Amino acid sequence: MKKLAVLLMGGLMGISSLFATQAAAAETEFSDMTRSHWAYHEIKFLTEKEVIRGVSGKFLPNETITRLDAAVMMGRAMNLTAQGETTTVPADMFVTTRGYQEVLASIERGMFTLDNGQFMPSEPLTRKDMARALAVGFEYEGKGQSKFTDAPQSSPYYPYIDAIAANDVTTGYSDGTFRPDMPVNRLQFSIFLARIYSKPLEYSVKQDGITLHTVRDSEEAISLAMTYPKATVHPVSNSMVTYSEQTGALNETGIRNGALIYNGAERNLTFTPEFFRPYITPNGSWGTLFESFIFLGRSYPGGEFGAHAKNNANYSDWWWYLSQTFDEAGGLNNLNEAAKGLSKTVNVYIAIPYPKMGGSIVDLEGNEHPNSISEREKIVSWYIDQTEMLWDVAAYENLNFKGYYWLSETMGHREDEKMITRIADEIHERDRAFIYSPHATSSNFEHWKNYGFDGAYLQPNAFRLKLTDTEARLHRAFLQAQIYGSGINLEIDQYGPHQMEAGLQNFRQYIEMAHRYELPGQSLIVYQGVGMVDRMVKYWNQPAYYQAYQLFSSLAYQ
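This text gives an overview of the structure that appears in the document. Since the model is a prediction, treat every value here as computed from it, not as a measurement.

## Quick notes on the overall build of the protein
- In terms of helices and strands, the protein carries 17 helices and 15 strands.
- Against the 2.2 N^0.38 benchmark of 24 Å for 558 residues, the protein shows a C-alpha radius of gyration of 27 Å, consistent with a compact globule.
- The dimensions of the protein, computed from C-alpha atoms along their principal axes, are 85 × 55 × 40 Å.
- Relative to its full complement of 558 residues, the protein shows a buried share of 55%.

Below you can see the structure in the form of structure tokens.
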């Protein structure tokens, strides 16, 4: 503790270290579409896929899009080429005209029509023409249930408008109108196109490597999979996006099997080397169960570190957590002793608390700082500095400091998006990795790579015993992990004896689904309360606990 006191005095001298200015994820090439724009991620996606190329370094979001530009964008997105299967050619375009082949391909497909033999390439694209192009191009089918006051079922464009509404491409306007004759601007059309490709166009249901079904709706695919004993659901690659049929390997994280270890004020267990040994190896001397350990504190005395109203943590509270973590009786030192006794070296991640959104931020000298994004970044930067110094002083022989874990499970605030990319920059400048574990309905999970994370581990949130849809939740999480290249967070609560039988059945579904989707060997982390593995080992003579640990052990590797 003397070392901690010395470093605490160093922390009182001042707060150093500035964030890097370069963004973790490259901005779009357009000067009028910065990261602060609400549609930044959608435009970045289309730019990376070379669907959008801009004009003189600008995107010009509010400029009306022409029929020609719309046809060209869809042609690029869908990888369309003219087959020469129609004698209907636009009289107002030449073979040498820009976009001629894309226009011809769109006409062949029925996405656009000619008016008196003319395509009218310079005319604005109307919303009704856009509806036809999208509905025909992507083979959307309607349900005849859309009710827009200015698009009655008698309209020849109603089937197309109904089709894109039924497939969640549009909801129309708040006054109940669709405004079919209104011109579409470049931003609007891009958003519609990005919205379509933000999820797979089709999903396959497979068993034993054989495709049983291919459907357009993910929930339909999940329902079908649940009628088979070993079926899995996978996204189908398309002209713009290639999907993997496995969850992310996330090699940069160094994590194959990671364990979440809670060590904040919520903890009521004492760390010992014996506590960690069954986490590292299930057999006492060979094999590896967990090679990575993520230390995180959910709470501090008097509050919570997460993104909610109970978070009023200041510098002293963050320092309290670091003191707990690096104390000689703390988790890191005991993990090091356990690893040493097993002749193994394991990875360590240390959590970064969520910097509170409201109230003044009080530093270690008692000075109050108005809450702002710069002050929130500053406390994180200070925390990283202190963590690095404490780690260097501790000099653990059998621990490898791999990186940091972002405690918040969602990106709900636009300010968080800006802040997290700067935090990622600082972490990467120190050659550390950066990970987090979003919950099942987390905001903006699909953009985790753009924020600068090296790994995201999606929570299925299917471990609560009162749930009746565990299997569907698990399928859904594994499907999302394939779509967005994330890992999975397997979950088991710290069940007491009266809950353990039901908890075991639930956990068995998690492990069975993990093997079904070939998760072992990829990258996964495990939530296990504040010490469920320890409880399984202590009560090994009780069948349910013993069986649960055997299920855990099925994740082990040589």
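Back to the write-up after that little detour.
## Some words on the pattern of salt bridges
- All chains considered together, the criterion is met by 22 salt bridges.
- In this structure, D385 and R430 form a salt bridge, with 2.4 Å as the shortest nitrogen-oxygen distance. Here R430 lies in the loop between α13 (414-429) and β12 (433-436) and D385 lies in helix α12 (residues 373-394), a separation of 45 residues in the sequence.

## Considering the packing of helix α14 (residues 470-484) against helix α15 (residues 500-516)
- Where α14 contacts α15, the two axes come as close as 10 Å, and the packing angle between them is 35°. When the axes of α14 and α15 are compared, the crossing they make is right-handed. In this structure, α14 contributes T470, E471, L474, H475 and F478 to the contact, and α15 contributes N506, Q509, Y510, M513, A514 and R516.

## Points about the sheet that holds strand β5 (residues 292-296)
- With parallel pairing, the eight strands of this closed barrel are ordered in space as β4-β5-β8-β11-β12-β13-β14-β15. Pairs of neighbouring strands in the sheet enclose a mean axial angle of 30°, with direction left out of account.
- Note that strand β4 (residues 257-262) and strand β15 (residues 524-527) share three bridges and pair parallel. Note that in β15 the partner of G258 across the bridge is I525.
- Here α14 sits on the sheet and contacts β13 (455-458) and β14 (487-491); the angle it forms with β14, its principal contact strand, is near 155°.

## Points about the pairing of strand β3 (residues 232-235)
- Going residue by residue along β3, you find T232 and H234 tucked away on one face and V233 and P235 tucked away on the opposite face as well.
- Pairing of strand β1 (residues 203-207) with β3, which is carried by four bridges, proceeds in the antiparallel orientation. Looking at β3, one finds that K206 is bridged to T232.

## What to know about the environment of V103
- If you trace the backbone, V103 turns up in helix α4 (residues 100-109).
- Distance from V103 to G172, taken between C-alpha atoms, is 27 Å for residues 69 residues apart in sequence.
- If near-sequence neighbours (up to four positions away) are discounted, V103 is found in contact with L68, A71, P90, M93 and F119.

## Digging into the side chain of D416
- With respect to the helices and strands, D416 occurs in helix α13.
- The class for D416 is buried, based on a relative accessible area of 3%.
- Here R376 takes part through its side chain, which lies 3.4 Å from a polar atom of the side chain of D416.
- When sequence neighbours within four positions are dropped, the list of residues in contact with D416 reads Y354, M357, R376 and M411.

## As for the layout of surface pockets
- Counted as a void, the largest pocket has a volume near 1600 Å³.
- Lining the largest pocket are 50 residues, and of these Y197, S198, K199, P200 and Y484 sit closest to its centre.
- Those elements that place two or more of their residues in the lining of the largest pocket are α2 (40-48), α7 (186-197), α8 (218-225) and α14.
- Ranked by residue count, the leading element in the lining of the largest pocket is α14, at six residues.
- For the lining of the largest pocket, a count of residues per class yields 18 nonpolar, 15 polar and 17 charged.
- As a volume, the second largest pocket reaches approximately 530 Å³.
- Breaking the lining of the second largest pocket down by element, the ones donating at least two residues are β4 and β14.

## Re the sheet that holds strand β2 (residues 210-215)
- Strand order in the open sheet formed by three strands is β2-β1-β3, and the pairing between neighbours is antiparallel. Here the strands that pair on one side only, and so sit at the sheet edges, are β2 and β3. Each neighbouring strand pair of the sheet contributes to a mean axis angle of 30°, computed without reference to strand direction.
- Pairing of β1 with β2, which is carried by five bridges, proceeds in the antiparallel orientation. Counterpart to S204 in the pairing with β2 is T214.
- This element, α14, spans β1 and β3 of the sheet and lies at about 30° to β3.

## So, the packing of aromatic side chains
- If you walk through the whole model with that rule in mind, you get 36 aromatic pairs.
- Relative to Y321, the ring of F305 has its centre 6.0 Å away and its plane inclined at 70°; by these criteria the two rings are edge-to-face. One end of the pair, F305, is in the loop between β7 (303-304) and α10 (315-326); the other, Y321, is in helix α10, and 16 residues separate them in sequence. Pair check on accessibility: F305 and Y321 agree, each one buried.
- A network of ring pairs unites the aromatic residues F271, F275, F276, Y279, F290, F293, F295, F507 and F552 as a single cluster.
- A cation over an aromatic ring shows up here: R67 above the ring of F119, its NZ or CZ 4.6 Å from the ring centre.
- Taking NZ or CZ as reference, R267 lies 5.0 Å from the ring centre of F275, over its face.

## Structural notes on the nonpolar core
- Formed by 173 residues in total, the largest nonpolar core has its most connected members in F293, I352 and W406.
- Dropping the residues within four chain positions of it, F293 is found in contact with A259, I261, F276, Y279, I280, L335, V346, N347, V348 and Y349.

## As for unusual backbone geometry
- Phi is positive for D208, close to 55°, though the residue is something other than glycine.
- Structurally, the position occupied by D208 is in the loop between β1 and β2.
- A positive phi angle is found at N461, which is not glycine, with a value near 55°.
- With respect to the helices and strands, N461 occurs in the loop between β13 and α14.

## Observations regarding α15
- Helix length check: α15, at 17 residues, gives a terminal C-alpha distance of 24 Å against a target of 24 Å (1.5 Å per residue), a fit within 8%.
- The set of residues buried in α15 consists of M500, G503, L504, N506, F507, Y510, I511, M513, A514 and R516.
- Here the buried face of α15 lies against β3, α14, β14, α16 (532-538) and α17 (543-553).
- After α15 finishes, the residue E518 shows a positive phi value of roughly 55°.

Calculation notes
Residues numbered from 1 in each chain as written. Predicted model: local features only at pLDDT ≥ 70, side-chain atom pairs only at ≥ 80, totals over all residues. Heavy atoms only, no water. Helix = DSSP H or I, 4+ residues; strand = E, 2+ residues; numbered from the N terminus. Rg over C-alpha atoms; globule rule 2.2 N^0.38 Å. Buried < 20%, exposed > 50% of the residue type's maximum accessible area, 1.4 Å probe, protein only. Salt bridge = Lys/Arg side-chain N within 4 Å of Asp/Glu carboxyl O. Axes fitted to C-alpha atoms, helices over the stretch in contact; angles between N-to-C directions. Left-handed = near helix turned anticlockwise from the far one by under 90°. Contact = heavy atoms within 4.5 Å. Pairing = 2+ DSSP bridges. Polar contact = N/O pair within 3.5 Å; in protein donor to acceptor, adjacent residues only side chain to side chain. 1 Å grid on protein atoms, 1.4 Å probe; cavity = no way out; pocket = protein on both sides within 12 Å on 5 of 7 lines; lining within 4 Å. Points joined across faces, edges and corners; volume = space filled by probe spheres on them. Nonpolar A, V, L, I, M, F, W, Y, C, P; charged D, E, K, R; others polar. Phe/Tyr/Trp six-rings, centres within 6.5 Å; stacked < 30°, edge-to-face > 60°. Lys NZ or Arg CZ within 6 Å of the ring centre and 35° of its normal. Core = buried A, V, L, I, M, F, W, Y, C linked by side-chain atoms within 4.5 Å. Expected span 1.5 Å × (residues − 1).

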